[in-house]
Amino acid sequence: MTVLKNGPGPISRRRPVVLSLVERGWRAARECSLDVQHQGGCVIHVVKGRLSRAVHAMIAPKPHIYIVSVPRKLFWAAAWALCGWLMLTARLRSVLVDNERTLRRVRRWVRLSRASPVLVRE
C-alpha cells in the first residue's frame, strides 16, 4: 500500500472527511475533492491498483487531499477498515464512488452514520 500525501502535516483530527473510493478513473473524484477542500474538508482517495509516477505527477498537490494506492486484492479490506475507522471517530461526511455496484455496497456500510454515499461520473 502506498500513501501519497499532498499537503502539510497529518490528517487533521477535527476536519470532516470525505472518503473517495476510486476504481475506474480519478478525474471526477479529483474534481469533487477540490470542491470539498475549498469548503474546509479533508479528502482521502483510496485508489484500486498502483498509481504510476506520471499519474501522480498530474495530480497537483493540494492541502488536505490524500491519496492511498492499494493493490487490487487489498482494496476492499483497506476501504472497509478506513471507512469503519472514520465512522467510529464520527468524521466521515460522505463516501464518493465511481461504480454503481460499489454504491450499493457502500450504502449498507454508512447506514449507521450520518454520511451519505455519492456516485461521481467522468
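Residues numbered from 1 in each chain as written. Predicted model: local features only at pLDDT ≥ 70, side-chain atom pairs only at ≥ 80, totals over all residues. Heavy atoms only, no water.

Phi is positive for His64, close to 65 degrees, though the residue is something other than glycine. Note that His64 resides in the loop between α2 (53-58) and β4 (65-70). Phi is positive for Ala90, which is not a glycine, with a value near 55 degrees. Within the secondary structure, Ala90 is located in the loop between α3 (75-88) and β5 (92-97). Overall, the relative accessible area of 69% leaves Ala90 in the exposed class. (Helix = DSSP H or I, 4+ residues; strand = E, 2+ residues; numbered from the N terminus. Buried < 20%, exposed > 50% of the residue type's maximum accessible area, 1.4 Å probe, protein only.)

Now for the pattern of salt bridges. Per the stated rule, a full pass over the model turns up 2 salt bridges. Residue Lys48 is joined to Glu23 by a salt bridge in which the shortest nitrogen-to-oxygen separation is 3.4 Å. Note that Lys48 is positioned in strand β3 (residues 42-48) and Glu23 in the loop between β2 (17-22) and α1 (27-38), a separation of 25 residues in sequence. For Glu100, the salt bridge goes to Arg121, with nearest N and O atoms at 2.5 Å. (Salt bridge = Lys/Arg side-chain N within 4 Å of Asp/Glu carboxyl O.)

With that out of the way, let us pick up the environment of Leu119. Following the sequence through the fold, Leu119 ends up in strand β6 (residues 116-119). The exposure class of Leu119 is partly exposed, given its relative accessible area of 29%. Between the C-alpha atom of Leu119 and that of Glu100, which follows or precedes it by 19 residues, the distance is 7.1 Å.

With that settled, the discussion passes to a positive patch on the surface. Residues Arg24, Arg101, Arg104, Arg105, Arg107, Arg108 and Arg111 make up a contiguous surface patch of positive charge. Its place among the elements puts Arg107 in helix α4 (residues 100-110). Judged by its relative accessible area of 45%, Arg107 falls in the partly exposed class. (Patch = residues over 30% accessible without salt bridge, like charges linked within 9 Å, V, L, I, M, F, W, Y side chains within 5 Å. Areas by Shrake-Rupley, 256 points an atom, 1.4 Å probe, with all protein chains shown as cover. Lys, Arg positive; Asp, Glu negative; His and termini not counted. Charge placed at Lys NZ, Arg CZ, Asp CG, Glu CD.)

With that out of the way, let us pick up the side chain of Thr102. Inspection of the secondary structure assignment puts Thr102 in helix α4. With relative accessibility at 3%, the residue Thr102 sits in the buried group. There is a polar contact of 2.3 Å between the side chain of Thr102 and the side chain of Glu23. Discounting residues that sit within four places of it in the chain, Thr102 has contacts with Leu21, Glu23, Trp76 and Val97. (Polar contact = N/O pair within 3.5 Å; in protein donor to acceptor, adjacent residues only side chain to side chain. Contact = heavy atoms within 4.5 Å.)

Looking now at the side chain of Ser20. Examined against the element boundaries, Ser20 turns out to sit in strand β2. On the basis of relative accessible area, Ser20 is assigned to the buried category, the value being 1%. Once you skip the residues sitting within four places of it in the chain, Ser20 turns out to touch Ala29, Val43, Ile44, His45, Val46 and Leu96.

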